[in-house]
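Secondary and tertiary structure notes
Listed below, chain by chain, are the residues.
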Amino acid sequence: MTAIAVPARRRRTRSLPATPRYVAGRLGQAVLALFGVTTIVFFALRLSGDPARLLVPEGATAADIERVREQLGLSDSLWHQYLSFLGNAVRGDLGYSYVQNRPATALIAERLPYTANLAVAALILSVVFGVVIGVITALKRGRWQERVLMPIVLVGQAMPAFWTGLLLVLVFSVALRWLPSTGYDGPLSLLLPAVTLASLSAAAIARVTRGAVLEQLSQDYVRTARAKGASTTRLVLRHLARNSAIPVLTVAALELANLLGGAVVTEVIFAWPGIGQLTIQSVSARDFPVVQAIVLFASAVYIVINLLTDLLYGVIDRRVATGGNGGAA
């Protein structure tokens, strides 16, 4: 019975074209991952203690605690709370802030534009500088260009964000008075926090780009192109860029997800009114619904960006989407 059933199931699966099967598989994994994160966040939060006891003033009676518990819906069974939470989350309702008495989603939506602007600016700087440095250090391996640029990459990767941010504030805000040190006051105020974030991401992208380009330089098609007289520019743009793109794309996508999830340290240093600062304020005030909403938001960002990256793999290299058969369905 088993020997007959398994091949039949395989025939039904293989009847789907390769690319739609690849997309459907990635979508299914994304939904499962989001469901798993949602479940873990809910139960982990309940394991941390009774929120009602944290909200009442010191010396509150048991009746006061029970009244707060009733108001928050914490008197229901855990499974009833979980199912209600899932139902509300599907409708986009992630609860109300205990402190500000406003929807958690509204609080995140207010801070998201600031974090998005910072993340996009940092990612642009990271990709531009990281890819250029990575390609140069690979093409000029063993020469003075590599000996100058690689220590810079190492410094950027080794220095923590808080230290880089403080140095930039001391030089450009305190000593030179060129740029504002904190808060959001126009595009100029975006420069210092964006450079601080980009210093870490650019170093990671540069290292990955260098490794990917070095691997491609040892391939036969590169030697053939050079033997035919291809210039360095043509070699990079026509041959190396596409074949080295997947690892660089992976790192860039992860960096963007990190940045959109809230660059907590950088936003605190520069008093940037984004999601990272909201996270610190909510944790300090034990505002659990907001903390929970931020964690779910950050997880959803990771999952969606990874899903888009996986789908983009199939566009860059069809062997990924077609299981390595070069597009045969």
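All residue numbers refer to positions counted from 1 along the written sequence of the respective chain. It should be noted that, the model being predicted, local features are given only for residues of pLDDT at least 70 and side-chain atom pairs only at 80 or more, the latter also being counted only at that level, while totals for whole chains, interfaces and linings use all residues. As a convention, hydrogens and water are excluded, and side-chain values are obtained from all of the structure's heavy atoms.

**Comments concerning the overall build of the protein chain**
Applicable threshold: The numbering of helices and of strands both runs from the N terminus, where a helix is a DSSP run of H or I of at least 4 residues and a strand a run of E of at least 2. Only protein chains enter the accessibility calculation, which uses a 1.4 Å probe; a residue whose area is less than 20% of its type maximum is buried, one above 50% is exposed, and one in between is partly exposed. By definition, residues are in contact when any of their heavy atoms lie within 4.5 Å. Here the accessible surface of atoms and residues is derived via Shrake-Rupley with a 1.4 Å probe, and residues count as covered only by protein chains that are part of the display.
Secondary structure summary: the protein chain contains 16 helices and 0 strands in total. Per-residue burial over the protein chain gives 37% buried out of 329 residues. Of the contacts formed within the protein chain by residues at least 6 apart in sequence, a portion of 72% connects residues at least 24 apart. For the protein chain, the exposed area adds up to about 18,600 Å²; of that, 64% sits on carbon and sulfur atoms.

**Side note on the packing of aromatic side chains**
For clarity, the cut-off: Geometry of aromatic contacts follows a simple scheme: Phe, Tyr and Trp rings, the Trp one being its six-membered ring, pair when their centres are within 6.5 Å, and the pair is stacked under 30 degrees between planes, edge-to-face over 60, tilted otherwise.
Scanning all chains against the criterion turns up 4 aromatic pairs. Ring geometry for phenylalanine 43 against tyrosine 82: centres 5.1 Å apart, planes inclined by 40 degrees, an arrangement best described as tilted. Taken together, the positions of phenylalanine 43 in helix H2 (residues 18-47) and tyrosine 82 in helix H5 (residues 78-90) put the pair 39 residues apart, joining distant regions of the chain. Assessed through its relative accessible area of 21%, phenylalanine 43 is described here as partly exposed. Their ring planes at 45 degrees and their centres at 6.2 Å tell us that phenylalanine 172 and tryptophan 178 sit as a pair that is tilted. Grouping aromatic residues by their ring pairs yields a cluster made of Phe43, Trp79 and Tyr82.

**Brief notes about the packing of helix H8 (residues 161-175) against helix H9 (residues 191-217)**
What counts is decided by this rule: Fitted lines through C-alpha atoms give the axes, limited to the stretch in contact for helices. The angle between two N-to-C directions lies from 0 to 180 degrees. Note on terminology: angles under 35 degrees are roughly parallel, angles over 145 are roughly antiparallel, angles of 65 to 115 are roughly perpendicular, and the others are oblique. What makes a crossing left-handed is the near helix being turned counterclockwise from the far one by less than a right angle; a clockwise turn instead makes it right-handed. Only Asp, Glu, Lys and Arg are considered charged, only Ala, Val, Leu, Ile, Met, Phe, Trp, Tyr, Cys and Pro nonpolar, and every remaining residue, Gly among them, polar.
Where H8 contacts H9, the axes come no closer than 9 Å and their chain directions differ by 140 degrees. Taken together, the axes of H8 and H9 are oblique relative to one another. With respect to the hand of their crossing, H8 and H9 are arranged in right-handed fashion. Side by side, H8 and H9 meet where Ala161, Thr164, Gly165, Leu168, Val169, Phe172 and Ser173 of the first sit next to Leu192, Val195, Thr196, Ser199 and Leu200 of the second. Of the residues that constitute the contact of H8 with H9, the class distribution is 7 nonpolar, 5 polar and no charged.

**Observations regarding the nonpolar core**
Just so we agree on the cut-off: Here the nonpolar core consists of buried residues drawn from Ala, Val, Leu, Ile, Met, Phe, Trp, Tyr and Cys, with membership extended through side-chain atoms lying within 4.5 Å.
Counting 15 residues, the largest nonpolar core has Leu118, Leu197, Leu259, Leu260, Val301 and Ile305 as its most contacted members. Listed by contribution, the elements that provide at least two residues to this core are helix H6 (104-139), H9, helix H12 (245-260) and helix H15 (288-316). Ranked by size, the runner-up nonpolar core spans 14 residues in total, among them Phe42, Phe85, Leu94 and Leu278.

**Quick word on the packing of helix H10 (residues 220-227) against helix H11 (residues 232-243)**
Interhelical geometry of H10 versus H11 gives an angle of 175 degrees and a closest axis separation of 11 Å. Judged on the interaxial angle alone, H11 and H10 are roughly antiparallel. For the pair H10 and H11, contact is made by Tyr221, Val222, Ala225 and Arg226 and by Leu235, His239, Leu240 and Asn243, respectively. Residue composition of the contact of H10 with H11, by class: 5 nonpolar, 2 polar and 1 charged.

**Here we look at unusual backbone geometry**
Despite not being glycine, asparagine 101 has its phi angle at roughly 50 degrees, a positive value. By secondary structure assignment, the location of asparagine 101 is in the loop between H5 and H6. Within the chain, arginine 177 stands out as a residue other than glycine whose phi angle is a positive 55 degrees. Residue placement: arginine 177 occurs in the loop between H8 and H9.

**Quick look at the side chain of arginine 210**
Mapped onto the fold, arginine 210 is located in helix H9. Excluding anything up to four places from it in sequence, arginine 210 contacts Gly134, Thr137, Ala138, Arg141, Glu146 and Met150.

**Let's talk about the confidence of the model for the protein chain**
Inclusion rule: Residue-level confidence of the predictor, termed pLDDT, takes values from 0 up to 100.
Per-residue confidence for the protein chain gives a mean pLDDT of 79; residues scoring 70 or more make up 87%. Mean pLDDT across the secondary structure elements of the protein chain bottoms out at helix H1 (residues 2-14), with 46, and peaks at H6, with 90. Predicted confidence is poor over residues 1-15, with pLDDT under 50, and the contacts of this stretch with residues over four places away or in other chains come to 3 contacts.

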